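# Observations on the three-dimensional arrangement
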Amino acid sequence: MRRARPGAPPRGTAERALTSVEAGADFDEARDRSTDRKTETTTETREVREAREARVREQPVSKLWHITLSVSGVESPLKEVRRGLEQLAHDHPFLLTSRYANDHAEIRYWEEARDLHDAAAVALRLWGEHRQTAKLPPWEIVGLEVIDRETYHQRIAEGYGPPPAAPVGVHPY
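### Focus on the nonpolar core
Judged by nonpolar contacts, the single largest core of 23 residues is most densely connected at Ile67, Leu85, Leu88, Ile107, Tyr109 and Trp127. Sorting the residues of this core by element identifies β1 (63-72), α3 (78-91), β2 (95-100), β3 (104-113) and α4 (116-130) as the ones contributing at least two each. In terms of residue count, the dominant contributor to this core is α4 (five residues). Excluding residues within four positions of it along the chain, Tyr109 makes contact with Trp65, His66, Ile67, His92, Phe94, Leu95, Leu96, Ala123 and Leu126.

This is how it looks when you write it as structure tokens:
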């Protein structure tokens, strides 16, 4: 509990300046929705409406990306590899399939991201960020494929794409 005179600023804050933090895109979206309701009953200038519509068009739209991550390294006991991949699947719920051997593994999953660069960046961090928590082997990423949802389904339909490696889950090669 702080003891001070009523209305007195806390000690050490007399010279602090407040700074503002810019609101995120979600704030603009919520504000636009609320102004949409208001403008239904009031007249809005054409310039204001066009500016608002331009902001909405400029907002990035998330897409689904199919990720195939290949890792490899020194041999590890199969039980430990399987347990680590199962823990990764538990920690990362969008994991589709994992195939593994004692010196390499392949992980497939869906990632939601604005563009390929963001999806690839997240995929490249996945193994390293979960290495400690899931007790994954100290392997390196040796391959990465990132394709958009439309390309994935087109490949499957044409019969030359990456069909699911195995039913959903963690499986040996």
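That covers the picture; the talk isn't over yet.
### Structural notes on the packing of aromatic side chains
Summed over all chains, the structure comprises two aromatic pairs. Ring geometry for Trp110 and Tyr152: centres 5.1 Å apart, planes at 80°, overall edge-to-face. Residue Trp110 is located in strand β3, and its partner Tyr152 is located in helix α5 (residues 149-158); the two are separated by 42 residues in the primary sequence. Pair check on accessibility: Trp110 and Tyr152 agree, each one buried.

### With respect to α4
The first and last C-alpha atoms of α4 sit 21 Å apart over 15 residues, in line with the 21 Å expected at 1.5 Å per residue. Where α4 is buried, its residues touch β1, α3, β3 and β4 (140-148).

### Considerations on unusual backbone geometry
Even without being glycine, Lys135 reaches a positive phi, approximately 55°. Tracing the sequence through the fold places Lys135 in the loop between α4 and β4.

Cut-offs used in this document
- Residues numbered from 1 in each chain as written.
- Predicted model: local features only at pLDDT ≥ 70, side-chain atom pairs only at ≥ 80, totals over all residues.
- Heavy atoms only, no water.
- Core = buried A, V, L, I, M, F, W, Y, C linked by side-chain atoms within 4.5 Å.
- Buried < 20%, exposed > 50% of the residue type's maximum accessible area, 1.4 Å probe, protein only.
- Helix = DSSP H or I, 4+ residues; strand = E, 2+ residues; numbered from the N terminus.
- Contact = heavy atoms within 4.5 Å.
- Phe/Tyr/Trp six-rings, centres within 6.5 Å; stacked < 30°, edge-to-face > 60°.
- Expected span 1.5 Å × (residues − 1).

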